[in-house]
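Chain residues, written in single-letter form:
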Amino acid sequence: MRCRGTGPDDIPRLTALWREAFGDTDEEIARFFDALFPVCAGFGAEEDGVLASMLFALPVTLARGPETKKAAYFYAVATDRAFRGRGLARALMAHAEARLQRRGVSCALLVPGEPSLVRFYEPLGYRQRTFLDEKTAEGVRGRGSAELISSADYAGLRETLLADVPHVRCGLPLLEYERGTRAFYALRLDGKTGCAAASMEDGLAVCDELLPDASMLPALMTALPAKACRVRSPGGGTPFGMVKWLDGGGEPPYLAFAFD
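Residue numbers run consecutively from 1 along every chain, following the written order of its sequence. Reporting of local features is limited, given that this is a predicted model, to residues whose pLDDT is at least 70; pairs of side-chain atoms are given and counted only at 80 or more, and all residues count toward the totals for whole chains, interfaces and linings. Side-chain descriptors were evaluated using all non-hydrogen atoms of the structure, hydrogens and water having been removed beforehand.

Asker: Mind showing me how you'd approach the pairing of strand 12 (residues 228–245) here?
Answerer: Successive residues of a regular strand alternate their side chains across the two faces of the sheet. One requirement defines pairing of two strands: DSSP has to find at least two bridges between them. Every helix listed is a DSSP run of H or I at least four residues long, and every strand listed is a run of E at least two residues long, numbered separately from the N terminus. Judged from the four bridges that link them, strand 5 (residues 107–110) and strand 12 form a sheet pairing that is antiparallel. Residue pairing in the sheet places L110 in a bridge with M242 of strand 12. Pairing of strand 6 (residues 127–138) with strand 12, which is carried by eleven bridges, proceeds in the antiparallel orientation. Each bridged residue has a counterpart across the sheet, and for D133 the counterpart in strand 12 is S233. In terms of strand pairing, strand 11 (residues 204–211) meets strand 12 through three bridges, oriented parallel.

Structure follows, in structure tokens:
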């Protein structure tokens with residue numbers, strides 16, 4: 001087994017791994033490589049001369065007010081079915097963590113794609129330390145206003161609303177990637193300002209982030225009138241992300257975007 005960084009020459013093989021593991025279309029996979037592969041750190045594990053396992057470390061920042069730390073969000077961790085059970089993913093994650101720690105990264109974060117993966121990541125030192133309020137709300141009437149905004153405007157509004165909350169800050173490339181599936185809105189309701197990343201899916205309003213909290217949902221419903229809305233917002237007790245500190249520890253951050 002050999003762990004290494006990946007580059008543009010590996011994209012055809014990485015695309016095949018992605019397609020097998022997640023079932024996405026070639027167009028969806030290409031969108032990731034076009035938008036984020038240039039800014040993320042890609043890692044792969046080879047076995048018998050075959051690139052058989054992959055992960056991508058998306059650059060994010062842990063922020064609270066003026067205090068910041070470098071972090072990495074592990075995305076699209078996958079191993080070829082023919083090579084599973086050999087410990088490739090475990091070795092690859094350890095390799096990536098060591099490389100990132102040398103670059104000053106304080107922690108690695110990830111969102112398990114299914115509950116069973118929690119048991120896979122826990123022995124590797126990851127703990128469910130990020131929580132949010134995730135629920136489906138029905139029968140909410142529109143009130144207030146919602147205005148489409150750019151990724152840059154969303155980033156600024158988001159940081160204002162989360163200034164006193166330890167949170168994961170996403171740079172513009174990641175927000176632009178999120179905007180490929182969700183629109184960004186500035187919300188106004190009863191003299192308060194908020195923001196949301198949301199879109200319609202099969203008649204359901206899906207909101208990956210609603211700030212500062214779910215009280216702003218009526219404003220979002222003016223733009224996305226629907227019988228029901230799946231909402232993520234800060235607080236609450238829904239386990240979401242897992243964290244592994246690489247520099248000794250810290251405060252659990254609010255994490256909303258899984259890019260799912």
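Asker: What is the right way to read the layout of surface pockets from this model?
Answerer: To locate leftover empty space, one rolls a probe as large as a water molecule over the atoms. Of the pockets and cavities examined, the largest pocket occupies roughly 1400 Å³. Along its surface, the largest pocket is lined by 49 residues, and F22, A76, V111, P112 and G113 are the ones closest to its centre. Those elements that provide at least two residues to the lining of the largest pocket are helix 1 (11–22), helix 2 (26–35), strand 4 (67–79), helix 3 (88–102), helix 4 (116–121), strand 6, helix 6 (172–178) and strand 12. Per-element tally for the lining of the largest pocket: the top contributor is strand 4, with seven residues. With a 1 Å grid laid over protein atoms only, a set of points is called a cavity when a 1.4 Å probe fits there but cannot get out and a pocket when it is open yet has protein on both sides within 12 Å along at least five of seven lines; lining residues have an atom within 4 Å of a point. Grid points are joined across faces, edges and corners, and a volume is the space filled by probe spheres set on the points.

Asker: I'm lost on the pattern of salt bridges in this one. Help?
Answerer: Working definition: two side chains of opposite charge can pair if their charged atoms are close together. A side-chain nitrogen of Lys or Arg and a carboxyl oxygen of Asp or Glu constitute a salt bridge if their distance falls within 4 Å. Enumeration according to the criterion identifies 23 salt bridges in this entry. Taking the shortest distance from any N to any O, the salt bridge between R86 and D48 comes out at 3.5 Å. In this pair, R86 sits in the loop between strand 4 and helix 3 while D48 sits in the loop between strand 2 (41–47) and strand 3 (50–64), placing the two residues 38 residues apart along the sequence. Looking at D48, the relative accessible area reads 64%, which means it is exposed. The salt bridge partner of E159 is R169, with a shortest N-O separation of 3.0 Å. With E159 in helix 5 (residues 151–161) and R169 in strand 8 (residues 167–170), this pair connects stretches of sequence that are ten residues apart. Where salt bridges share partners, they join E134, R182, E201, D208, R230, R232 and D260 into one cluster. Think of it in three bands: residues with accessible area under 20% of the maximum for their type are buried, residues over 50% are exposed, and the middle band is partly exposed, with areas taken using a 1.4 Å probe on protein chains only.

Asker: Any chance you could explain unusual backbone geometry here in plain terms?
Answerer: Outside of glycine, negative phi angles account for most residues, and trans bonds account for most peptide bonds. Residue P212 follows L211 across a cis peptide bond; omega there is 0°. Examined against the element boundaries, P212 turns out to sit in the loop between strand 11 and helix 7 (217–221). Even without glycine at this site, A76 takes up a positive phi of about 55°. Along the chain, A76 falls in strand 4. At D202, a position not held by glycine, the phi torsion is positive, near 55°. With respect to the helices and strands, the residue D202 is situated in the loop between strand 10 (192–201) and strand 11.

Asker: Help me understand helix 1 in this model?
Answerer: Working note: α-helix, 3.6 residues per turn, so residues spaced by three or four point in the same direction. One less than the number of residues in a helix, times 1.5 Å, gives the span that helix is expected to have. Given a rise of 1.5 Å per residue, twelve residues ought to cover 16 Å, and the 16 Å separating the end C-alpha atoms of helix 1 matches this to within 8%. All of the buried residues along helix 1 are L14, T15, L17 and W18. Within helix 1, the buried residues cover an arc of 165° as seen down the axis, which keeps them to one side. Should any heavy atoms of two residues lie within 4.5 Å, those residues are considered in contact. On the buried face of helix 1, the contacting elements are helix 2, strand 3 and strand 4. G23 sits one or two residues past helix 1 and shows a positive phi near 70°. Picture the helix axis, draw a direction to every C-beta atom, and the arc is the one those directions span.

Asker: Teacher, can you tell me more about the packing of aromatic side chains here?
Answerer: Any aromatic ring pair is given by two values, namely how distant the centres are and how the planes are angled relative to each other. Only the six-membered ring of Trp is used, alongside the rings of Phe and Tyr, when aromatic pairs are assigned; centres must lie within 6.5 Å, and planes under 30 degrees apart are stacked while those over 60 apart are edge-to-face, with the rest tilted. For the structure on display, the rule yields 20 aromatic pairs. Consider the rings of W18 and F32, whose centres lie 4.8 Å apart with planes at 45°: the pair is tilted. Placement of the pair is W18 in helix 1 and F32 in helix 2, with a sequence separation of 14 residues. For the residue pair W18 and F32, the accessibility class agrees, reading buried in each case.

Asker: I keep staring at the nonpolar core and nothing clicks. Help me out?
Answerer: It is characteristic of soluble globular proteins that their nonpolar side chains tend to be buried jointly. Core analysis: the biggest nonpolar cluster contains 46 residues, and F32, F56 and L58 have the highest contact counts within it. Considering each element in turn, this core owes the most residues, six residues, to strand 3. The contact partners of F56, leaving out residues within four places of it in the chain, are L14, W18, F32, F33, F37, C40, A41, G42, Y73, F74, Y75 and A76. Residues grouped as a nonpolar core are buried Ala, Val, Leu, Ile, Met, Phe, Trp, Tyr and Cys residues, joined through side-chain atoms within 4.5 Å. F43, A52, A108 and L246 belong to the second-largest nonpolar core, a separate cluster that totals 23 residues.

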